[in-house]
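Here is how the chains run, residue by residue.
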Amino acid sequence: MKKKNIILAALATVVMGACNAPQGETIVIEGRLTNVPDSIVLELTEWDGNVGDRAAIDTVIDGKFRFELETKIKGVHSVSINNYSIGLDTPDFLWIEPGARIKITGDGLDYSVWKIKSNVDAQKSENRFREVTKAEHSQLYQLSSELQTMIDAFNKGERSDEEDQKVRARMKELNKLERDIRLEIHDKENALLPTMTTDEAWLARLYQLSRAGNFTNDTLKLAQAKEQYVRMDERLKATFHGQGITTYLFPFKVVKVGDMIPNLELKDLSGNTHRLQELEGKYILLDFWNSGCDPCIASFPELKSISEQMKDKVEVVSISGDGESMWRKSPAKHDITWHNWNDLNHNNGIFAHFGIRTIPHYFLISPEGKIIASKIGYGKGILLEFVKKNVE
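This structure is a prediction, so every number in the text was calculated from the model and none was measured. (Residues numbered from 1 in each chain as written. Predicted model: local features only at pLDDT ≥ 70, side-chain atom pairs only at ≥ 80, totals over all residues. Heavy atoms only, no water.)

Engineer: Help me out: how do you make sense of the packing of helix H2 (residues 134-156) against helix H3 (residues 161-192) in this one?
Structural biologist: Between two packed helices, what matters for the description is the angle formed by their axes and the separation of those axes. Contact pair H2 / H3: the axes reach a minimum separation of 10 Å and the direction vectors enclose 160°. Judged on the interaxial angle alone, H3 and H2 are roughly antiparallel. Regarding H2 and H3, the two cross each other, and that crossing is left-handed. Its residues assigned to classes, the contact of H2 with H3 shows twelve nonpolar, three polar and nine charged. (Axes fitted to C-alpha atoms, helices over the stretch in contact; angles between N-to-C directions. Helix = DSSP H or I, 4+ residues; strand = E, 2+ residues; numbered from the N terminus. Parallel < 35°, antiparallel > 145°, perpendicular 65-115°, else oblique. Left-handed = near helix turned anticlockwise from the far one by under 90°. Nonpolar A, V, L, I, M, F, W, Y, C, P; charged D, E, K, R; others polar.)

Engineer: Before we go on, may I ask you to explain the side chain of Ser-78 in this structure?
Structural biologist: Its place among the elements puts Ser-78 in strand E6 (residues 77-83). Owing to a relative accessible area of 8%, Ser-78 belongs among the buried residues under this scheme. Excluding anything up to four places from it in sequence, Ser-78 contacts Thr-45, Glu-46, Trp-47, Asp-92, Leu-94 and Trp-95. (Buried < 20%, exposed > 50% of the residue type's maximum accessible area, 1.4 Å probe, protein only. Contact = heavy atoms within 4.5 Å.)

Engineer: Please explain the environment of His-137 as it appears in this structure.
Structural biologist: Structurally, His-137 is set in helix H2. Along the chain, His-137 and Thr-90 lie 47 residues apart, while their C-alpha atoms are 8.9 Å from each other. Setting aside residues up to four positions removed in sequence, His-137 forms contacts with Pro-91, Tyr-111, Ser-112 and Ile-185.

Engineer: Teacher, can you tell me more about helix H5 (residues 219-229) here?
Structural biologist: Think of an α-helix as 3.6 residues a turn; residues three or four steps apart then line up on the same face. Taken together, the buried positions of H5 are occupied by Leu-222, Ala-225, Gln-228 and Tyr-229. Each buried residue of H5 lies within a common arc of 125° when the element is viewed along its axis, so the set occupies one face. Exposed and oriented more than 90 degrees from the buried face of H5 are Thr-219, Leu-220 and Glu-227. Capping the start of H5 is the job of one residue whose side-chain oxygen sits 3.0 Å from the backbone nitrogen of Leu-220: Asp-218. (Arc of directions from axis to C-beta. Polar contact = N/O pair within 3.5 Å; in protein donor to acceptor, adjacent residues only side chain to side chain.)

Engineer: Which parts of the structure should I look at to understand the sheet that holds strand E13 (residues 283-289)?
Structural biologist: Spatial ordering of the open sheet is given by E15-E14-E13-E16-E17, a layout of five strands whose pairing is mixed. The two strands at the open ends of the sheet, each matched to only one other strand, are strand E15 (339-341) and strand E17 (371-376). Taken over all neighbouring pairs, the strand axes of this sheet differ in orientation by 20° on average, direction set aside. (Pairing = 2+ DSSP bridges.)

Engineer: Please clarify how the sheet that holds strand E5 (residues 64-69) should be interpreted in this entry.
Structural biologist: Paired through their backbone hydrogen bonds, the strands of a sheet run either parallel or antiparallel. The four strands are arranged E5-E2-E9-E10 in an open sheet whose pairing can be described as mixed. In this open sheet, the two strands that pair with only one neighbour each are E5 and strand E10 (115-118). Across the sheet, the mean angle separating the axes of adjacent strands is 10° when strand polarity is ignored. Where strand E2 (residues 27-34) and strand E9 (residues 101-107) come together, seven bridges link them in parallel fashion. Bridge pairing links Gly-31 to Ile-104 in E9.

Engineer: What should I look at first to understand the side chain of Gln-123 in this one?
Structural biologist: With respect to the secondary-structure elements, Gln-123 resides in helix H1 (residues 122-132). A relative accessible area of 1% means that Gln-123 is categorised as buried.

So this is what it looks like as structure tokens:
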């Protein structure tokens, strides 16, 4: 469910964050790249769990760029640098925390050859992972650039039917190549896990391994992940990736249609504790979402309409998978006036109990607390139809 929540902008030089000399908790990322034309706009995306948000933006001038930012996300976490219009889509390869100082040098926009110096310990492990997968990441960069060029040409629509078929075939081929290369990267990274220091960069790879094993029921991958799981300390277990690893390796019993709703604690934005059971007596339309999901957000006007027009019979409850910082922006950003709850466990608490792998995912719960229907995905009008079909 990992999706980038970003809007690219063609802007003049802008740096979001502190304007004066860095001090205290400010994070500073400086870059010097050769053979990069002026006026290339770079975005810094900050990741809170599996949802990214634009944290800063700058324009390359004389090969230089600089990001300064403050973070509200707790602990060591990752950022990436992007410009999708030119095919630059780096992995989450920079690790930050308050006070981080990072310097990037390199030739061109092929991020696989960039050198990174940092005062964040996890970056040392990240750099080792990057070194053993340099060739594969360089291939990904080349594929991404070619794919973006083809998408631009495709959108112009100035081709014959024969040319159109060739473009579609090549795009399909590139997507397959990308999947194959990513598998090679994961295999190389997995082989390194037993030899690496247990930090956030190591944990991110163990998360990928555990997730892949769980989703495909691959007993070998699950066994490999469990061998490394015992190396995790309590601090790492409490992080987003740590909680996810625990969930994937030792999954909860997943509820399904016909089961009673689980008795789990959720919070509202005022810090009050809630349980779904307190809404029994009415139907509950349960909505699982996060801020990186465009169809989820597209459904909000319909959810609002249902919450207002059917308030005598139906309570609408949106369960956010966002981290706290992004979740707190949601009422004003998306006009959420109905129940907006979160257990702050991302995909690992109530999401895992309901077996959520794709969002938006909706459940309808009877006044007695029994799950009576489930629906994945959103299109205009389907929620009202879904509710009317199942509400007496």
